[in-house]
Amino acid sequence: KAAGKFSATGYENPTLGFSITAPIGFERAIEQVSKQVLDTGRDMVKEGKSASTVKDIDKSVSNTRVLFQYNGPGAVLSAGIEKVPAGYTSKLYAESNISMLKGVSTAKLSKPLYERSLGGRVWQTFEVELTSNGGIINQLYLMRLEGRNAIFFVGSIGDPEAIDAVVASLNSLKFKN
């Protein structure tokens, strides 16, 4: 189990060995909201996919757990883990996530895969532009493997004014070792 705990200032996960400060002005979402977001994302990436790919997407989602979601004015910061098959690398995991977005009419890869250092670790990172209800949401995806667990963070920014709070939170990420 990768259960973590919340404090007044953020989230700590002793099992995965990290802590992060919540974005200033954001509130923690209840677990049901986090599950709805995961389900909505799953349904979005299934758009136009073959039956075999849909089955793979469903398997991926069933192996995924939302660790936290913080909602703020004009932005959301989420984190989760996914148990991955043996042989996966951080880069392969990120590439498979990018591949799931291909064919989604409302999503466009705005910055291809690159590496970013955060919390003393190297993260596979990419950026996506989503069209939603006539507006644009910019998403930042960061992911890496720790053993057979893929840890990921997704910052969804609808209001450019909110980016500083999300970036400050991500920059507060610390690992025990």
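Residues numbered from 1 in each chain as written. Predicted model: local features only at pLDDT ≥ 70, side-chain atom pairs only at ≥ 80, totals over all residues. Heavy atoms only, no water.

Chemist: Hey, could you run me through the overall build of the protein chain in this one?
Modeler: Helix and strand counts for the protein chain stand at four helices and 11 strands. Residues counted as buried form 41% of the 177 residues belonging to the protein chain. Considering only contacts in the protein chain between residues 6 or more positions apart, those separated by 24 or more positions represent 52%. For the protein chain, the exposed area adds up to about 9,600 Å²; of that, 52% sits on carbon and sulfur atoms. (Helix = DSSP H or I, 4+ residues; strand = E, 2+ residues; numbered from the N terminus. Buried < 20%, exposed > 50% of the residue type's maximum accessible area, 1.4 Å probe, protein only. Contact = heavy atoms within 4.5 Å. Areas by Shrake-Rupley, 256 points an atom, 1.4 Å probe, with all protein chains shown as cover.)

Chemist: Explain the sheet that holds strand 2 (residues 10-13) here, please?
Modeler: Through backbone hydrogen bonds, the strands of a sheet pair up, either in parallel or in antiparallel fashion. Pairing is antiparallel across the open sheet formed by four strands, whose spatial order is 1-2-3-11. Strands at the two margins of the open sheet, each flanked by one partner only, are strand 1 (5-6) and strand 11 (174-175). Across two bridges, strand 1 lies against strand 2 in antiparallel orientation. Bridge pairing links Lys5 to Glu12 in strand 2. (Pairing = 2+ DSSP bridges.)

Chemist: Explain the pairing of strand 8 (residues 121-132) to me, please; I cannot follow it from the model alone.
Modeler: Regular strands show a simple pattern: their side chains alternate between the two faces of the sheet. When strand 7 (residues 107-118) meets strand 8, the two strands line up antiparallel, connected through nine bridges. Across the sheet, residue Tyr114 finds its bridge partner in strand 8, namely Thr125. Note that strand 8 and strand 9 (residues 135-146) share nine bridges and pair antiparallel. Within strand 9, the residue paired with Gln124 across the bridge is Met143. If you look at the hairpin formed by strand 8 and strand 9, you'll find two residues sitting between the two strands, and Asn133 has a positive phi there, around 50°.

Chemist: What is the right way to read the pairing of strand 10 (residues 149-157) from this model?
Modeler: Across the nine residues of strand 10, nine count as buried, placing the element largely inside the fold. Going residue by residue along strand 10, you find Asn149, Ile151, Phe153, Gly155 and Ile157 tucked away on one face and Ala150, Phe152, Val154 and Ser156 tucked away on the opposite face as well. Two strands pair when backbone bridges link them, and strand 6 (residues 75-83) and strand 10 are joined in this way by nine bridges, in the antiparallel orientation. In the strand pairing of strand 10, Val76 is matched with Ser156. Pairing geometry for strand 9 and strand 10, over nine bridges, is antiparallel.

Chemist: Just to check I follow, could you spell out the sheet that holds strand 8 for this structure?
Modeler: What the seven strands build is an open sheet, ordered 4-5-6-10-9-8-7; its pairing is antiparallel. The open sheet has two edge strands, strand 4 (27-28) and strand 7, and neither has a second partner. This element, helix 3 (residues 90-101), spans strand 6, strand 7, strand 8, strand 9 and strand 10 of the sheet and lies at about 5° to strand 8. (Axes fitted to C-alpha atoms, helices over the stretch in contact; angles between N-to-C directions.)

Chemist: Quick question: what am I supposed to make of the packing of aromatic side chains here?
Modeler: Two descriptors summarise a pair of aromatic rings, namely the distance from one centre to the other and the angle between the planes of the rings. For the coordinates displayed, the defined rule picks out 11 aromatic pairs. The rings of Phe6, Tyr11, Phe18, Phe68, Tyr70, Trp123, Phe153 and Phe175 are connected pair by pair, giving a single aromatic cluster. Lying over the aromatic face of Phe6, Arg28 brings its terminal NZ or CZ to 3.9 Å of the ring centre. When the ring centre of Phe175 is taken as origin, the NZ or CZ atom of Arg121, which lies over that ring, is 4.2 Å away. (Phe/Tyr/Trp six-rings, centres within 6.5 Å; stacked < 30°, edge-to-face > 60°. Lys NZ or Arg CZ within 6 Å of the ring centre and 35° of its normal.)

Taken by themselves, the reported measurements are silent on function.
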